[in-house]
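Listed below are the residues making up each chain.
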Amino acid sequence: MQANSSSEAVQVHISLAERSYPILIGSKLLGCALTYENLPAAATALVVSNTTVAPLYAEPLMQALQARYGRVLLVTLPDGEIYKDWATLQLIFDALLESGCDRKTVLFALGGGVVGDMTGFAAASYMRGVPFVQIPTTLLAQVDSSVGGKTGINHPLGKNMIGAFYQPLLVVCDLDVLTTLPPRELSAGLAEVIKYGPIADMLFFEWIEAHLDALLAKEPTALSHAIQRSCEIKARVVSQDERESGLRAILNFGHTFGHAIESGMGYGNWLHGEGVGCGMVMAAHLSQQLGLVDSRFVERLTSLIRRAGLPVKGPVLSTTDNAGRYLELMRIDKKSEAGEIRFVLIEGPGKASVRTAPDALVRKVIDACCA
Ligand code: NAD
Ligand code: GLY
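Residues numbered from 1 in each chain as written. Chains lettered and ligands numbered in written order. Predicted model: local features only at pLDDT ≥ 70, side-chain atom pairs only at ≥ 80, totals over all residues. Heavy atoms only, no water.

Trainee: So what exactly am I meant to see when it comes to the site of ligand 1 here?
Mentor: Close to ligand 1 lie 28 residues, the nearest being D79, T137, T138, K159 and T180. Between an oxygen atom of ligand 1 and a main-chain N or O atom of V114, the distance comes to 3.0 Å. Between ligand 1 and T137, the relevant distance is 2.7 Å, taken from a nitrogen atom to a side-chain nitrogen or oxygen of the residue. Out of a free accessible area of 860 Å², ligand 1 has 91% covered by protein chains. (Near = heavy atom within 4 Å. Polar contact = N/O pair within 3.5 Å; in protein donor to acceptor, adjacent residues only side chain to side chain. Areas by Shrake-Rupley, 256 points an atom, 1.4 Å probe, with all protein chains shown as cover.)

Spelled out as structure tokens, the structure:
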């Protein structure tokens with residue numbers, strides 16, 4: 001990769017007082033030493049990646065970091081959502097301790113959302129907190145998971161149930177890494193891009209409808225705009241509600257149903273973005289059942305999600321009581337209060353809120369939406 005100047009990149013800013021940071025979006029950023037010029041000096045940088053991404057991108061990153069850090073180390077994790085667990089997290093701590101890393105060590109998360117969430121959690125807890133940088137390599141991670149400081153791991157009983165809010169120092173979205181991203185992962189990322197429309201910006205939704213083919217063809221200008229607008233919306237929400245005491249929950253549109261699908265099917269069988277895509281369809285149906293949106297809105301959203309290559313019918317999680325199984329799984333959700341499920345619903349195009357719904361109505365939606 002040739003060097004580029006980070007000053008040529010598009011910048012989106014996350015405003016969080018002393019925890020503020022930039023998101024850089026552009027080409028040829030990952031392997032350019034200038035990208036990292038404002039990071040704090042330290043003796044050691046530890047790059048955390050996985051067995052798929054490290055062979056593709058660790059070398060140019062490590063070369064670029066050599067200009068700034070005396071030692072640049074690499075720890076390579078097994079790849080997959082099933083490894084987003086304690087045992088794999090321990091590999092990061094093993095590497096840090098075995099190499100004598102001090103509390104100024106900077107961690108670099110090089111990978112998709114799984115690597116990013118785990119590296120962030122390791123950074124939040126190693127020596128009670130060391131700095132870290134997100135270098136997201138999937139579309140999903142560039143438009144969502146690398147931004148906003150949610151870090152953590154899964155528990156067999158619930159998705160992302162163990163973690164911390166911990167902000168990175170910098171997010172580097174290099175468009176070039178998306179060239180190697182498999183189509184199924186691209187579609188999964190598009191689910192999180194589409195999400196921003198119904199909850200915050202229907203003009204963006206219209207733009208996605210018009211540019212979906214360009215996005216699926218990985219046209220850099222279209223990808224750049226999608227990443228920039230997604231990050232701008234997320235930045236606005238996170239800057240107002242960093243720790244999800246209210247507004248930030250809207251970013252979980254589709255996630256209540258989606259997380260139930262992911263954990264109910266066994267982590268890794270449905271991709272996170274696939275669960276979210278299908279979950280948005282189900283949440284839109286629930287919004288319609290509650291009289292918040294009309295059927296045209298539901299059909300429009302479903303059609304875009306289908307065109308993005310995502311499933312729009314939920315899987316059957318139980319042959320005896322499918323809706324009951326969904327309800328059971330959805331109760332293990334961070335938004336639940338006193339066992340009551342709270343859904344992100346669309347109140348009208350571009351506006352979302354968190355609400356409860358009668359079980360009978362939720363059952364009706366699940367029965368109608370599962371294949
Ligand atoms: P992922 O990290 O599993 O990556 C998907 C696959 O693509 C993996 O096999 C990975 O190795 C591979 N890959 C990554 N970059 C590649 C590249 N450039 N070329 C080729 N292959 C590449 O999945 P994801 O969709 O990036 O992230 C999903 C995770 O993110 C879930 O665990 C989800 O809970 C989490 N998430 C977190 C937040 C947050 O706010 N922290 C938000 C959304 C999702
Ligand atoms: N992905 C949801 C959030 O960051 O809040």
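Trainee: Got a minute to help me understand the side chain of S49 in this structure?
Mentor: When you line up the elements, S49 lands in strand β3 (residues 42-50). Beyond its immediate stretch of four places on either side in the chain, S49 contacts A54, L74, V75, T76, L77, L110 and V115. (Helix = DSSP H or I, 4+ residues; strand = E, 2+ residues; numbered from the N terminus. Contact = heavy atoms within 4.5 Å.)

Trainee: Would you mind going over the site of ligand 2 with me for this structure?
Mentor: Inspection of the region around ligand 2 gives D144, K150, K234, E244, R248, L251 and N252 as its neighbouring residues. At 2.8 Å from an oxygen atom of ligand 2 is found a side-chain nitrogen or oxygen belonging to K150. Calculation on ligand 2 without its partners gives an accessible area of 200 Å², and the protein chains cover 90% of this total.

Trainee: Honestly, the environment of P78 in this entry has me stumped. Any pointers?
Mentor: The topology assignment puts P78 in the loop between β4 (69-77) and α2 (86-98). Put simply, P78 and Q288 are 210 residues apart on the chain and 42 Å apart in space, counted from C-alpha to C-alpha. Not counting residues up to four positions away in its chain, the partners in contact with P78 are N50, T51, Y83, T88 and L91.

Trainee: Even after reading the chapter, I still don't get the packing of aromatic side chains, so can you show me in this structure?
Mentor: Ring pairs (aromatic) are described by centroid distance and by the angle formed between their planes. According to the stated counting rule, one finds six aromatic pairs in the structure shown. Between Y36 and F108, the ring centres sit 6.0 Å apart and the planes meet at 80°, which makes this aromatic pair edge-to-face. In this pair, Y36 sits in the loop between β2 (21-26) and β3 while F108 sits in strand β5 (residues 106-111), placing the two residues 72 residues apart along the sequence. F108 shares its class with Y36; the two are buried. Ring centres of Y69 and F108 lie 5.9 Å apart, and the angle between their planes is 75°; on these two criteria the pair is classed as edge-to-face. Within this pair, whereas Y69 is found in strand β4, its partner F108 is found in strand β5, the two being separated by 39 residues in sequence. On the basis of relative accessibility, which here comes to 0%, the residue F108 falls in the buried class. Connected via pairs of aromatic rings, a cluster forms that spans Y36, Y69 and F108. Sitting over the ring of Y196, K195 keeps its end group 4.9 Å from the ring centre. (Phe/Tyr/Trp six-rings, centres within 6.5 Å; stacked < 30°, edge-to-face > 60°. Buried < 20%, exposed > 50% of the residue type's maximum accessible area, 1.4 Å probe, protein only. Lys NZ or Arg CZ within 6 Å of the ring centre and 35° of its normal.)

Trainee: I would appreciate a short explanation of the pairing of β2 in the present structure.
Mentor: Remember that side chains alternate between the two faces of the sheet whenever the strand is regular. Judged by how many residues are buried, β2 sits mostly within the fold: five of six residues are covered. The pairing of strand β1 (residues 10-14) with β2 spans five bridges and is antiparallel. Across the sheet, V10 pairs through a bridge with I25, a residue of β2. As consecutive antiparallel partners, β1 and β2 are separated by six residues, and within that stretch A17 has a phi angle of approximately 50°, a positive value. Two strands pair when backbone bridges link them, and β2 and strand β9 (residues 170-174) are joined in this way by four bridges, in the parallel orientation. Considered in β9, the bridge of I23 is made with V171. (Pairing = 2+ DSSP bridges.)

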